[in-house]
Amino acid sequence: MRWDSADVRVAGAVVWRAGATGIRWGTIRLSGPGEAWRVSGILVTFDPRRARLELAAGEDSDFTKRWTIDSAPPDAEVALNAGQFEYAGPWGWVVSDSVEHGGPGGGPLAATIVQDRPGGLRFVPAESIATVRRAGVRLAFQSFPLVLWHDGEVHPFIRSPGHPIDLAHRDARLGLCQLRDGTWLIALTRFEGLGGALDVLPFG
């Protein structure tokens, strides 16, 4: 339900490497039931006060077109899909360089990540989007589900079935977390079946 202190077994299992200024990355081996029996976790920490964030569009700089890793600029230190996607492009509120490309969406435990014009990065609850939207932001995107709330407590919808979140679904996932020291953590799962030959499959 809650992780109140550092677990040395987990912390000691991560092999960290230094990246660009304000960025470091590491890996960890995970194991779970079903298809998640052999999964690796890729971890990246970054400081938004030192690393510049960009939302890159897909083909022809169009936010309705499919984004791939080849869409990332050549000087990017870290590149990944952000938010949720529909057939017509990104789902929910999308703002890039203070230009809005999509209005706010609603969903079970939807979360909004916002960077203001001075550069501060934060989560914005659904009930505050309208106020933040009127004030103007530099960057924003939405995703779901929100897993942790109330300073690190696992949300009740994630703890047990019967809520509007499918707890039995297995997929490769990316998690984004704001740490107490102001840095952010990205956690990405990859399936390692057959020695990594199946790492493109959506298991996790």
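Up top you'll find the structure we're talking about.
Read on for an overview of the structure. (Residues numbered from 1 in each chain as written. Predicted model: local features only at pLDDT ≥ 70, side-chain atom pairs only at ≥ 80, totals over all residues. Heavy atoms only, no water.)

**Some details on the sheet that holds strand β9 (residues 121-124)**
One key point about sheets: their strands pair by backbone hydrogen bonds, in either a parallel or an antiparallel sense.
Here is step 1 of the chain: Read across the sheet, 5 strands follow the order β7-β6-β10-β8-β9 without closing on themselves; strand pairing throughout is antiparallel. Edge positions in the sheet fall to β7 (99-102) and β9, since each has one partner strand and no second. Geometrically, the sheet is characterised by an average inter-axis angle of 25° between neighbouring strands, direction not taken into account.
Here is step 2 of the chain: Of the pairings in the sheet, the one linking strand β6 (residues 94-96) to strand β10 (residues 139-143) comprises 2 bridges and is antiparallel in character. Residue pairing across strands places Val-95 opposite Ala-140, the latter belonging to β10. (Pairing = 2+ DSSP bridges. Helix = DSSP H or I, 4+ residues; strand = E, 2+ residues; numbered from the N terminus. Axes fitted to C-alpha atoms, helices over the stretch in contact; angles between N-to-C directions.)

**Overview of the sheet that holds strand β1 (residues 15-18)**
Here is step 1 of the chain: Sheet architecture is open: 5 strands sit in the order β1-β2-β3-β14-β13, paired in antiparallel fashion. The two strands at the open ends of the sheet, each matched to only one other strand, are β1 and β13 (174-178). Averaged over all adjacent pairs, the angle separating strand axes in this sheet is 20°, with direction ignored.
Here is step 2 of the chain: Judged from the 8 bridges that link them, strand β3 (residues 39-46) and strand β14 (residues 184-191) form a sheet pairing that is antiparallel. Within β14, the residue paired with Phe-46 across the bridge is Trp-184.

**Quick word on the side chain of Arg-138**
Here is step 1 of the chain: With respect to the secondary-structure elements, Arg-138 resides in the loop between α2 (129-135) and β10.
Here is step 2 of the chain: Its relative accessible area of 10% is what places Arg-138 among the buried residues.
Here is step 3 of the chain: A distance of 2.8 Å separates a polar side-chain atom of Arg-138 from the backbone oxygen of Leu-53.
Here is step 4 of the chain: Non-local contacts of Arg-138, meaning those with residues more than four positions away in its chain, are made with Arg-52, Leu-53, Glu-54, Val-95, Ser-96, Asp-97, Ser-98, Gln-115, Asp-116 and Arg-117. (Buried < 20%, exposed > 50% of the residue type's maximum accessible area, 1.4 Å probe, protein only. Polar contact = N/O pair within 3.5 Å; in protein donor to acceptor, adjacent residues only side chain to side chain. Contact = heavy atoms within 4.5 Å.)

**Some thoughts on the side chain of Ser-96**
Here is step 1 of the chain: Within the element layout of this structure, Ser-96 appears in strand β6.
Here is step 2 of the chain: By relative accessible area, Ser-96 is classed as buried at 9%.

**Digging into the pattern of salt bridges**
Close approach of charged atoms lets side chains of opposite charge pair.
Here is step 1 of the chain: Summed over the entire model, instances satisfying the criterion amount to 6 salt bridges.
Here is step 2 of the chain: Close ionic contact of Asp-47 with Arg-49 constitutes a salt bridge, the shortest N to O distance being 2.8 Å.
Here is step 3 of the chain: For Arg-49, a relative accessible area of 60% gives the class exposed.
Here is step 4 of the chain: Measuring nitrogen to oxygen at the nearest pair gives 3.1 Å for the salt bridge that ties Glu-54 to Arg-138. One end of the pair, Glu-54, is in the loop between β3 and β4 (85-86); the other, Arg-138, is in the loop between α2 and β10, and 84 residues separate them in sequence.
Here is step 5 of the chain: Within this structure, Arg-52, Glu-54, Asp-97 and Arg-138 form a network of salt bridges that share partners. (Salt bridge = Lys/Arg side-chain N within 4 Å of Asp/Glu carboxyl O.)

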